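# Structural features, examined
Next come the chains, spelled out residue by residue.
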Amino acid sequence: MSHPVSFHHVRLTWPDGTVLLDDVTASFSDGRTGIVGDNGSGKTSLARLITGDLRPTSGSVGVVGPVGYLPQHVTTTADAALADLLGVRITLDALAAIEAGSVDVAHFDAVGDDWDLAERTRAELDAVGLDIELDRPVLAMSGGEVVLAALVGLRLARTPVVVLDEPTNNLDRPTRESLYSLVNRWSGTLLVISHDPALLSRMDAIAEVRPGAVTLYGGGWDSFVAQVEAEQSAAERAVRSAEGALRVEKRQIAQAEQRIARNERIGRGRRAEGQGKAAADFYRNRAEKKSGRLRNEASDKVAAAREAVDAAEARVRDDEAVRIDLPDPGVGAGRRLAEFESGDTTHVIAGPERVALVGRNGAGKTLLLERLLGRLRPDAVAGDAGAVRPRLLTDRAGYLPQRPGLDAAASALDHVAAGAPAVTPGELRNRLARFNLRGDNVFRPIGTLSGGQRRRVALAQVL
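Residues numbered from 1 in each chain as written. Predicted model: local features only at pLDDT ≥ 70, side-chain atom pairs only at ≥ 80, totals over all residues. Heavy atoms only, no water.

Looking only at helices and strands, the protein chain has 14 helices and 12 strands in total. Considering the protein chain as a whole, with its 463 residues, one finds that 37% of them fall into the buried category. For the protein chain, the computed accessible surface area is about 25600 Å², with 51% contributed by carbon and sulfur atoms. (Helix = DSSP H or I, 4+ residues; strand = E, 2+ residues; numbered from the N terminus. Buried < 20%, exposed > 50% of the residue type's maximum accessible area, 1.4 Å probe, protein only. Areas by Shrake-Rupley, 256 points an atom, 1.4 Å probe, with all protein chains shown as cover.)

Encoded structure:
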């Protein structure tokens, strides 16, 4: 049975020697497969191997047909419109020219078999709730609208294999539901990198990427969690069993040493009783050989038992969470930090509060925040946020945008040091370790880190 995507003994190594994938052999079938794993485990690199953007260090990747790809961050030119984002501009322009009377062969070649593209495009946009004209500038669309439109473009392209990298990151709840509905009726091979359980529950299989390896599990997210929990319970039982066997072998080596010591005492007693030299040498040599054999056998058994413990422990996951200690900002309960005027109403944020800013995609949440922080002109705000007049009442404001502007060539340590110049490099590394950024990772260029790792660097810099 052939598979649309297959890996054969794939090894992927970075120029600095870091091994990301090690002798991976795996096959992805038709249907929906969720790709999960820790940040930095290699999920996006796996996707780039499938799209051909990366080449394996050794081994081979087989893909049947062209691949559609939705990256974590959709980028377009400054003058791009929705039709460009959807990838239908050339064909729709050719259709319009033909309808206007053109007989240019190039126009007919551009259309090919897509005579119904205009109708399909409108139907797909309506199906996901995007009531947007095709000439609308992409820069005037929200992040969630851009992602959903790019996904519609992949569906219109009808490529047999499609890879989505964190598609729900910038989507509000209604837009996520539209995406879920789209995924439910997707045909062909769909590979989805995600941390969203609601999206992963719609998968037919889960592929977990862990350091160096890829493991496939049948079923959706709930089935995957149940299988992993069962594996971990078995692994923990195996550790306890192996540790018990090691304790037994250690007791036996202690008993063997006692027997050896007793035999040596007997040998010394016989020599003291006046046995001849030849007889004494015979008994001494025999005792030494027996002692050596007992020690070797006991040591081998202990070493084997310790290897069994190590092998069992290797099956137990050590998934660490990010642990952040936030210092008290020293803000009094009555201290006003920001005001939002809307008509005759003023909303006040005061004291150490946690406030969620919610709303549909395109309502202006990000624009409102950027206007509050003085990053936009007042007339640059569109949507519902344009009717709100924000005012910041403190100069102590940190900001983590959807797309942090990190220097791809600088390291994680460089970025955090720039935000905390008075803190020693050792303390900064300790702090980065709380974000699960350790060892050489703190020195690697930002551009070589995963999207999640870059996000953690940006958050560490702000905090």
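Where helix α12 (residues 412–419) meets helix α14 (residues 451–462), the closest approach of the two axes is 8 Å, and the angle between their N-to-C directions is 20 degrees. Comparing the axis directions of α12 and α14 gives the class roughly parallel. Like other packed secondary-structure pairs, α12 and α14 cross with a definite hand, here right-handed. For the pair α12 and α14, the contacting residues are A412, H415, V416, A418 and G419 in the first and V457, A460 and Q461 in the second. Grouping the amino acids of the contact of α12 with α14 by side-chain chemistry returns five nonpolar, three polar and no charged. (Axes fitted to C-alpha atoms, helices over the stretch in contact; angles between N-to-C directions. Parallel < 35°, antiparallel > 145°, perpendicular 65-115°, else oblique. Left-handed = near helix turned anticlockwise from the far one by under 90°. Contact = heavy atoms within 4.5 Å. Nonpolar A, V, L, I, M, F, W, Y, C, P; charged D, E, K, R; others polar.)

Note that E208 resides in strand β8 (residues 205–210). Residue classification places E208 among the buried residues on the basis of a relative accessible area of 7%. Note: C-alpha distance between E208 and I35 (173 residues apart in sequence) is 5.8 Å. Those residues within four positions of E208 in sequence are excluded, and the remaining contacts are V36, A213, V214, T215, Y217, F224 and R317.

As a further point, take the nonpolar core. Core analysis: the biggest nonpolar cluster contains 47 residues, and L85, L164 and L179 have the highest contact counts within it. By residue number, the principal contributor to this core is helix α6 (residues 143–157), which donates nine residues. Setting aside residues up to four positions removed in sequence, L164 forms contacts with L70, L151, L154, L190, L191, V192 and I193. Counting 22 residues, the second largest nonpolar core, distinct from the first, contains F7, A47, I50 and V209. (Core = buried A, V, L, I, M, F, W, Y, C linked by side-chain atoms within 4.5 Å.)

Turning to the sheet that holds β8, a few remarks are in order. Spatially, the six strands line up as an open sheet ordered β5-β6-β7-β3-β8-β9, and their pairing is mixed. In this open sheet, the two strands that pair with only one neighbour each are β5 (67–70) and β9 (213–218). Neighbouring strand axes in the sheet, compared pairwise and without regard to direction, differ in orientation by 20 degrees on average. Direction of pairing for β8 relative to β9: antiparallel, over a ladder of six bridges. From the neighbouring strand, A207 faces β9, where its bridge partner is L216. Each of β5 and β6 (161–165) is contacted by α6, which is oriented at about 175 degrees to β5, the strand it contacts most. (Pairing = 2+ DSSP bridges.)

Once that is clear, we can look at the environment of V309. With respect to the secondary-structure elements, V309 resides in helix α10 (residues 277–314). By relative accessible area, V309 is classed as buried at 7%. Remark: the alpha-carbon pair of V309 and G244, spanning 65 residues in sequence, is separated by 9.3 Å.

Further remarks concern the confidence of the model for the protein chain. Low-pLDDT stretches of the model should not have their predicted coordinates read in fine detail. Confidence in the prediction for the protein chain averages 83 pLDDT; 88% of positions are at 70 or higher. At the level of individual helices and strands, the protein chain shows its lowest average pLDDT in α10, which scores 67, and its highest in strand β7 (residues 189–193), which scores 94. (pLDDT = per-residue confidence, 0-100.)

Running from amino to carboxyl end, α6 crosses helix α7 (residues 173–184) at an angle of 15 degrees, the nearest separation of the two axes being 11 Å. As far as their axial angle goes, α7 and α6 are roughly parallel. Here the hand of the crossing between α6 and α7 comes out left-handed. Seen from α6, the contacting residues are G144, L148, L151 and R155; seen from α7, they are T175, S178, L179 and L182.

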